[in-house]
Amino acid sequence: MTTISDPPAESFKLSMLFYDTRYRAITFQIIALIAFLTLFGWLYMNTAHNLHELGKDPSFGFLFQPAGYDINQTLIEYNNQDTHLRAAFVGLLNTLLVAALGCITATVIGVLVGVLRLSKNWLVARLMTVYVETFRNVPVLMWIILAMAILIEALPPPSAFRGNDPSSSMLLFDSIALTNRGVYIPEPLFSRPLGNINVFGAFDISIELLAIIVVLGGSIWVAKRIGRRADAEQNKTGLRPRTWPVQTAVIILPIVALLAGLGFHLGLPHLKGFNFDGGTHLRNSLIALWLALSLYTAAFIAEIVRAGIMAISKGQTEAAAALGLRSNRIMSLVILPQALRVIIPPLISQYLNLTKNSSLAIAVGYMDITGTLMGITLNQTGRELETVLLGMIVYLAISLLISGAMNIYNNRVKLVER
Amino acid sequence: MKKTVFLGALTVAALAAGAAGAATLDDVKARGKLNCGVSTGLTGFSFPDASGEWQGFDVAMCRAVAAAVLGDPKAVEFVPTTGKTRFTALASGEIDMLARNTTWTLSRDADLKFTFTGVNYYDGQGFMVPKALGVTSAKELDGATVCIQTGTTTELNLADFFRANNMEYEPVPIETNAEAQQQFLAGACDVYTTDASGLAATRATFENPKDYVILPEIISKEPLGPLVRQGDDQWADVVRWTENALVAAEELGITSANVKDLASAPGDNPEINRMLGTEGDLGAMLGLSKDWAVNAIAAGGNYGELFEKNIGENTPIGLARGLNALWTNGGLQYAPPFR
């Protein structure tokens, strides 16, 4: 009989934490963690102590006091007796507005420029190179200020539209006014409005808008169903029934009927007092910021698009051509779907950059969250720490939301590995 | 991750707060220089001249304090601040005092934890419009576009004024006076509003100052004065009494021209003797040298001289003394007794 003796069980000694490679890595991590927490704990205590010494204990109570200041561009109802919190919310919506407009425009311009930069036309390709290099290599703040200066100096003031022989006139049958205070365009109005729904006692949502969205969404869904039925028909019989007249009618007729029912008409801007009255007022601050951010970010997006397209091997194009596809079909069916996989991840960070760059809004007096919460509210209440922390959380949340949404999209278009 | 961001912000605040709270007078003496916050540029009040030297009414206040404390009116480091950055700069200890046409209000005094040491200019908010607009009263401004410096009391006064008069307006927020000028001159706003003194100063720099009028309405009280951090009473006293010395000097007829003579030997007026240190030692009570007031007055002159030189009727800005005349001439400038 043989006895197999186990090696004697090693008893754990404290020194093993350092000398035994099995434990050492963990030991050092724990030490680092403790040091890290101590450092931040000390900073936190020090801050709290110093603030207490100054008599400025952190408190968010100021958010519920009347703001007292006015904001020019408000997407929700706001007056100077509303709270600082609501003023911050107005600023947040303004940030989201310019970020959304900017992302859309930047993508459109960026894709266009990126594709054109690969054009075989020498002049077009060089022009796009010049555009990309000038916009990419100058800080965006300069572009914002330049855009604003051009808008202010180049366009006429509203007073130039006045008098018997005005030096400026409105465009497109007197419906659009370009002034150095902004662009006035016709606004949609309803002579038989449905009223508003109040949400949480804080915001009003117009029922007309909801109705339009519901009707449009419904008609598009029906049109898609018709298209899908046609697909099934085509698969079965090989012949595709003609659907576009029905589809167009399904989309257009209900919305026209709804608009007619609501008494839809356009409110044209007209001179009244110091300014134009009526119409939608796109302020110069918004236009300058939007324009500069889009053009700047588009230069980066163009390079990303170009890189994405060039990452697809030439063999793909040749193979598709060999199958008899025309060049625009090659681009849309073969190259772009594959290029998107390369394009989207860096595109996400460009969207994030654009959103964060919109905090330069104060340079042109655009009242975004930096201008309201971290600008005027900070100044009037003297709550630097609280407002800046809130602002950081807001930007963090916006950025995480954007990258979350874009990641979902990325997962849908990325190569499915089997 | 969120936690790191949160604590990162605290770090900045911790470093900033750590600098405040010490005895400012000792700091200034040890440093040999006064850090004084001024505006980024407002003709007559604080602006760098052609040779880069800071000039103006607020700047003179800084120089007087530097002269009183350090004996040298040039020992000042001027820190340009905007309406938005000024309080943070003072609270964090980046500057020792702020002389930037800042309005004394209760919330700034009590909530922001500052001490206003006095009023060096009694002002009020006004409106400037182009003459061509044909407006003669602020009550006619319904619907106007108004350029306004953001982060100031004027912003709140403006909101109050238009609300009280049931009028509407479109605010165009602007960061600095220079940007406001650009927008106003281009006609991007109908009205520019700020303190009446600031309007006069701004108008003086226009190519055609005569084409613009300042409307008669003054919609607020704007007592402007230097301020320091709350809790350092000794330093507050130094700034307060330097200012008082300048006002008292005008009342007692002490000017930059005769101050050296008067200080060379005790004269007939005991108050002058006490102030200039030829009798007793008031300077020691403030923690300053005996000739502190002599230096302060010699730096630029008494209150009246500073006013006339920088913003008075013979300058392009052309402000009348008005409320800022001495109390003996029907104004509000009044210095407590030196004894």
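All values reported here derive from a predicted model rather than from experimental measurement.

**With respect to a positive patch on the surface**
For step 1, the next point in the chain: Among the surface-exposed residues, Lys224, Arg225, Arg228 and Arg229 of chain A lie close enough to one another that they form a single positively charged patch.
For step 2, the next point in the chain: Here Arg228 of chain A is to be found in helix H6 (residues 207–237).

**What about a nonpolar patch on the surface?**
Residue and element names in this part refer to chain A.
For step 1, the next point in the chain: A cluster of nonpolar residues, Leu216, Ile220, Ile251, Ile252 and Val256, forms a patch on the protein surface that exposes about 370 Å² of accessible area.
For step 2, the next point in the chain: Going through the elements one at a time, H6 and helix H7 (244–262) are the ones with two or more residues in the nonpolar patch.
For step 3, the next point in the chain: Tracing the sequence through the fold places Leu216 in helix H6.
For step 4, the next point in the chain: Residue class for Leu216 comes out partly exposed when judged on its relative accessible area of 34%.

**Side note on the UniProt feature "transmembrane region" (unreviewed entry) in chain A**
Residue and element names in this part refer to chain A.
For step 1, the next point in the chain: Under the UniProt annotation, the feature "transmembrane region" (unreviewed entry) is placed at residues 23–45, 87–116, 137–155, 199–223, 244–267, 287–309, 358–376 and 388–409.
For step 2, the next point in the chain: Between the end C-alpha atoms of residues 244–267 there is a gap of 33 Å, over a span that is 79% helix and 17% strand.
For step 3, the next point in the chain: For residues 358–376, the helix share is 42%, the strand share is 0%, and the end-to-end C-alpha distance is 17 Å.

**Observations concerning the UniProt feature "domain: Solute-binding protein family 3/N-terminal" (unreviewed entry) in chain B**
For step 1, the next point in the chain: When the UniProt feature table is mapped to this numbering, "domain: Solute-binding protein family 3/N-terminal" (unreviewed entry) covers residues 33–262 of chain B.
For step 2, the next point in the chain: Between the end C-alpha atoms of residues 33–262 of chain B the distance is 28 Å, and the span holds 34% helix and 24% strand.

**A word on the packing of helix H9 (residues 233–252) of chain B against helix H13 (residues 292–300) of chain B**
All names here are of chain B.
For step 1, the next point in the chain: Between H9 and H13, the shortest axis-to-axis distance is 10 Å and the interhelical angle comes to 70°. The orientation of H9 with respect to H13, classified from their angle, is roughly perpendicular. In this structure, H9 meets H13 at a crossing whose hand is right-handed. Across the interface between the two elements, Trp241, Thr242, Ala245, Leu246 and Ala249 from H9 touch Trp292, Ala293, Ala296 and Ile297 from H13.

**Some words on the domain arrangement of chain B**
Residues and elements named next belong to chain B.
For step 1, the next point in the chain: Entries for chain B in the domain assignment read domain 1 (24–120 + 225–329) and domain 2 (124–221).
For step 2, the next point in the chain: Contact residues are listed per partner, giving 17 residues for domain 1 and 17 residues for domain 2.
For step 3, the next point in the chain: Taking both sides of the interface into account, the surface hidden between domain 1 and domain 2 amounts to around 1200 Å²; carbon and sulfur atoms contribute 58%.
For step 4, the next point in the chain: When the area that domain 1 buries against domain 2 is broken down by residue, the three leading residues are Leu42, Lys84 and Thr103, summing to 30%.

**Let's talk about the packing of helix H3 (residues 57–70) of chain B against H13 of chain B**
For any two helices packed against each other, the geometry comes down to the angle between their axes and how far apart the axes lie.
All names here are of chain B.
For step 1, the next point in the chain: The interhelical angle for the contact between H3 and H13, taken along N-to-C directions, is 150°, at an axis separation of 7 Å. When the axis of H3 is compared with that of H13, the two are roughly antiparallel. The chirality of how H3 crosses H13 is right-handed. From H3, Arg63, Ala64, Ala67 and Ala68 reach across to H13, where they touch Trp292, Asn295, Ala296 and Ala299.
For step 2, the next point in the chain: Residue classes in the contact of H3 with H13 are distributed as six nonpolar, one polar and one charged.

**Quick word on helix H5 (residues 140–154) of chain A**
For step 1, the next point in the chain: Helix length check: H5 of chain A, at 15 residues, gives a terminal C-alpha distance of 21 Å against a target of 21 Å (1.5 Å per residue), a fit within 8%.
For step 2, the next point in the chain: What H5 of chain A keeps buried is the set Val140, Trp143, Ile144, Ala147, Met148, Leu151 and Ile152 of chain A. One side of H5 of chain A carries all its buried residues, which in axial view fall inside an arc of 160°.
For step 3, the next point in the chain: In the core, the buried residues of H5 of chain A are packed alongside helix H4 (122–136), helix H8 (284–310) and helix H10 (327–357) of chain A together with helix H7 (177–185) of chain B.

**Here's the deal with the pairing of strand E9 (residues 280–283) of chain A**
Residues and elements named next belong to chain A.
For step 1, the next point in the chain: Residue alternation in E9 divides its side chains into a buried set, His281 and Arg283, and an unburied set, Thr280 and Leu282.
For step 2, the next point in the chain: The pairing of strand E2 (residues 182–185) with E9 spans four bridges and is classified as antiparallel. Along E9, the bridge assignment pairs Gly182 with Arg283.

**Some words on helix H2 (residues 21–53) of chain A**
Residue and element names in this part refer to chain A.
For step 1, the next point in the chain: Between its first and last C-alpha, H2 extends 48 Å over 33 residues, near the 48 Å set by a 1.5 Å rise per residue.
For step 2, the next point in the chain: Buried within H2 are the following residues: Thr27, Phe40, Leu43, Thr47, Asn50 and Leu51.
For step 3, the next point in the chain: Capping of H2 at its N-terminal end is provided by Asp20; its side-chain oxygen lies 2.7 Å from the backbone amide nitrogen of Arg22.

Calculation notes
- Residues numbered from 1 in each chain as written.
- Chains lettered and ligands numbered in written order.
- Predicted model: local features only at pLDDT ≥ 70, side-chain atom pairs only at ≥ 80, totals over all residues.
- Heavy atoms only, no water.
- Patch = residues over 30% accessible without salt bridge, like charges linked within 9 Å, V, L, I, M, F, W, Y side chains within 5 Å.
- Areas by Shrake-Rupley, 256 points an atom, 1.4 Å probe, with all protein chains shown as cover.
- Salt bridge = Lys/Arg side-chain N within 4 Å of Asp/Glu carboxyl O.
- Lys, Arg positive; Asp, Glu negative; His and termini not counted.
- Charge placed at Lys NZ, Arg CZ, Asp CG, Glu CD.
- Helix = DSSP H or I, 4+ residues; strand = E, 2+ residues; numbered from the N terminus.
- Buried < 20%, exposed > 50% of the residue type's maximum accessible area, 1.4 Å probe, protein only.
- UniProt positions renumbered as here; feature names shortened; annotations may be inferred.
- Axes fitted to C-alpha atoms, helices over the stretch in contact; angles between N-to-C directions.
- Parallel < 35°, antiparallel > 145°, perpendicular 65-115°, else oblique.
- Left-handed = near helix turned anticlockwise from the far one by under 90°.
- Contact = heavy atoms within 4.5 Å.
- Domains from an automatic or database assignment.
- Buried area = accessible area lost by both parts, 1.4 Å probe.
- Nonpolar A, V, L, I, M, F, W, Y, C, P; charged D, E, K, R; others polar.
- Expected span 1.5 Å × (residues − 1).
- Arc of directions from axis to C-beta.
- Pairing = 2+ DSSP bridges.
- Polar contact = N/O pair within 3.5 Å; in protein donor to acceptor, adjacent residues only side chain to side chain.

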